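Structural overview for review
Here are the chains, one letter per residue:
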Amino acid sequence: MSFDISRVLNHPQIGFIAEITPEPDKIKELRGFREVIRNELRDKFKDLTNSFSSINGQMHYIPNLSTAFLAEDLKKLSSDQKKSLQKLRPKFASQGSFVYKTMNSPCQAPQQMDLDDGIYFPVEMFEQKPVISKDLFFKFVDNTLSNLAKRKGWDFSDKKNTCARLIIDAETHIDIPLYAVPKERYEAILEKANVFDGISINSDARARLEPNEVNLALRNAESWTVSDPAVLNDYFKKSFKFYNELVGGEDVCRRVCRYLKAWRDHAFKSGGPSSVALMTCVVLSFQEMSRSRSMEKLSDADALLECVKCLPEQLKEGVPNDADKNKGEYLFPKKEMSQPEIDEICQSAIELHESLQLAISAKTKNDVIKKLRESFGNRLPNLQDLITSTTSVAAVIRSQPAKAQPQPNVVNQDAG
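Residues numbered from 1 in each chain as written. Predicted model: local features only at pLDDT ≥ 70, side-chain atom pairs only at ≥ 80, totals over all residues. Heavy atoms only, no water.

As a further point, take the overall build of the protein chain. Regarding its fold elements, the protein chain presents 16 helices and 16 strands. Counted over contacts in the protein chain with a minimum sequence separation of 6, partners at least 24 positions apart contribute 70%. Roughly 19,600 Å² of accessible area belongs to the protein chain as shown, and the carbon and sulfur atoms make up 49% of that amount. (Helix = DSSP H or I, 4+ residues; strand = E, 2+ residues; numbered from the N terminus. Contact = heavy atoms within 4.5 Å. Areas by Shrake-Rupley, 256 points an atom, 1.4 Å probe, with all protein chains shown as cover.)

What follows is the structure in structure tokens.
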């Protein structure tokens, strides 16, 4: 006996995908928190830009309440640096799972939903680096968000190397990474595109920035580091669109990414392979499938099984940053991971594959659910009516001759 578990996975109202999808009110609430944070940062940066005045051709710092804690740092800036700050208008752009629609609700504490909202500083450059220290921006943003957290009853954290974090509640946090982009290039782009909405970075305008023009602030680095989140955003968005069209208008690739993230969240309270690493594994598996078999009407069950079969070896060999091959970096394992931790993750991936195989070939539908819940937890609904017996639809599909498929142009470094 063989079973097709696709409907119990992807039924939009009562399937697993529905169970792991955040409630619409929660997403609306997240957007509201994001706007509160953006408005607070805009207002405080207005105070910062109003802290400078030109006297006899030289820029001078004029103290005010919002910038008093930073007075000594601001006084030490050169006249050109002060002039750059006086003209600064920060912009914002969300990134990560919130943008490419792979966000899941938390499975267990201490897991949280995470919204990444980058703040971009269009500033002058000197020898391809921002003229203003990233430490000054960190101090100002940290202070602003810390004060906001106190007023709102949130928690502020500066423990993460790549961002400032606001912990809204037990299930939600918002990360604010800091980026600097060349002021002249940015303004030229906006003027040419005529698409700036006055609030955030418009994706059409953002797409015209080159990746090496985006600089990320790291707390433990001496200077800004070239890093563009749009590269990953673009990679996943293009991949999902490409495979959606290839399999006949179904969002199978994106859903499989979410299933694997849900497995990770059930298997590991914290840690495990990162979302980006798991999603890259899925995309690489889809690339391989499209070379060797027909992708038409690919089911969620068949796609998940194929990706899970490949996952242990992918993790064992190391997951490359396929979105930016020139970097030569690996998304898994992370540098700080110990060998026992890596081994545990790889073993868990092996067990996932074995469990899924046993589920599909179980004797009864009840056994199917039991095996699936071992891997995905009780959020996998006990809806046996959604499971169908099959003579192996997957085998029929695989028996069809493979068609040569063009691969998605996802290595383009532009943002989408």
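On we go.
Inspection of the entire model under this criterion finds 22 salt bridges. Taking the shortest distance from any N to any O, the salt bridge between lysine 26 and aspartate 169 comes out at 3.3 Å. Note that lysine 26 is positioned in helix α3 (residues 24-49) and aspartate 169 in strand β9 (residues 164-169), a separation of 143 residues in sequence. What makes aspartate 169 partly exposed here is its relative accessible area of 29%. Salt bridges sharing common partners tie together Lys26, Glu29 and Asp169. (Salt bridge = Lys/Arg side-chain N within 4 Å of Asp/Glu carboxyl O. Buried < 20%, exposed > 50% of the residue type's maximum accessible area, 1.4 Å probe, protein only.)

Turning to the confidence of the model for the protein chain, a few remarks are in order. On average, the protein chain scores 89 in pLDDT, and the residues at 70 or more come to 88%. Long-range and interchain partners of residues 392-402, a stretch whose pLDDT sits below 50, account for 13 contacts in this model, where long-range means more than four residues apart. A low-confidence stretch, residues 411-416 (pLDDT under 50), is modelled with 21 contacts involving residues beyond four sequence positions or located in other chains. (pLDDT = per-residue confidence, 0-100.)

Here the focus is the pairing of strand β2 (residues 52-55). Looking at chain direction, β2 and strand β3 (residues 58-61) are connected through 4 bridges and run antiparallel. Looking across to β3, one finds that serine 54 is bridged to methionine 59. (Pairing = 2+ DSSP bridges.)

Attention now moves to the packing of helix α11 (residues 252-267) against helix α15 (residues 365-376). One can describe the packing of α11 onto α15 by two numbers: an axis separation of 7 Å at closest approach and a directional angle of 75°. Here α11 is positioned roughly perpendicular relative to α15, judged by the angle of their axes. Within the contact between the two elements, α11 uses Tyr259, Trp263 and His266 and α15 uses Arg373, Glu374, Ser375 and Phe376. For the contact of α11 with α15, a count of residues per class yields 3 nonpolar, 2 polar and 2 charged. (Axes fitted to C-alpha atoms, helices over the stretch in contact; angles between N-to-C directions. Parallel < 35°, antiparallel > 145°, perpendicular 65-115°, else oblique. Nonpolar A, V, L, I, M, F, W, Y, C, P; charged D, E, K, R; others polar.)

This paragraph deals with unusual backbone geometry. The peptide bond linking alanine 109 to proline 110 adopts the cis configuration, its omega dihedral lying at 10°. Tracing the backbone shows proline 110 in the loop between α6 (97-100) and β5 (113-123). Following phenylalanine 332, the chain continues into proline 333 via a peptide bond in cis, with omega recorded as -5°. The topology assignment puts proline 333 in the loop between β15 (330-332) and α14 (339-360). Positive phi values are uncommon outside glycine, yet asparagine 56 reaches one of about 55°. Mapped onto the elements of the fold, asparagine 56 is located in the loop between β2 and β3. For lysine 101, which is not a glycine, the phi torsion comes out positive at approximately 60°.

As a further point, take the packing of aromatic side chains. The description of an aromatic ring pair uses the distance of the two centres, along with the angle that the planes make with each other. This structure, assessed with the given rule, holds 16 aromatic pairs. Note on phenylalanine 137 and tryptophan 224: the rings are 5.9 Å apart at their centroids and 65° apart in plane angle, and the pair reads as edge-to-face. Here phenylalanine 137, found in helix α7 (residues 134-152), pairs with tryptophan 224, found in the loop between β12 (215-216) and β13 (225-226); they are 87 residues apart in sequence, far enough to count as distant. A centroid spacing of 5.1 Å and a plane angle of 70° characterise the contact between tyrosine 235 and phenylalanine 236, whose relative ring orientation is edge-to-face. For the residue pair tyrosine 235 and phenylalanine 236, the accessibility class agrees, reading buried in each case. One aromatic cluster is present, built from ring pairs that chain together Phe45, Phe69, Phe121, Phe137, Phe140 and Trp224. The aromatic ring of phenylalanine 138 is capped on one face by arginine 219, whose charged end is 4.1 Å from the ring centroid. (Phe/Tyr/Trp six-rings, centres within 6.5 Å; stacked < 30°, edge-to-face > 60°. Lys NZ or Arg CZ within 6 Å of the ring centre and 35° of its normal.)

Quick look at the environment of lysine 327 now. The residue lysine 327 is located in the loop between β14 (319-320) and β15 in this model. Judged by relative accessible area, which is 43%, lysine 327 ranks as partly exposed.

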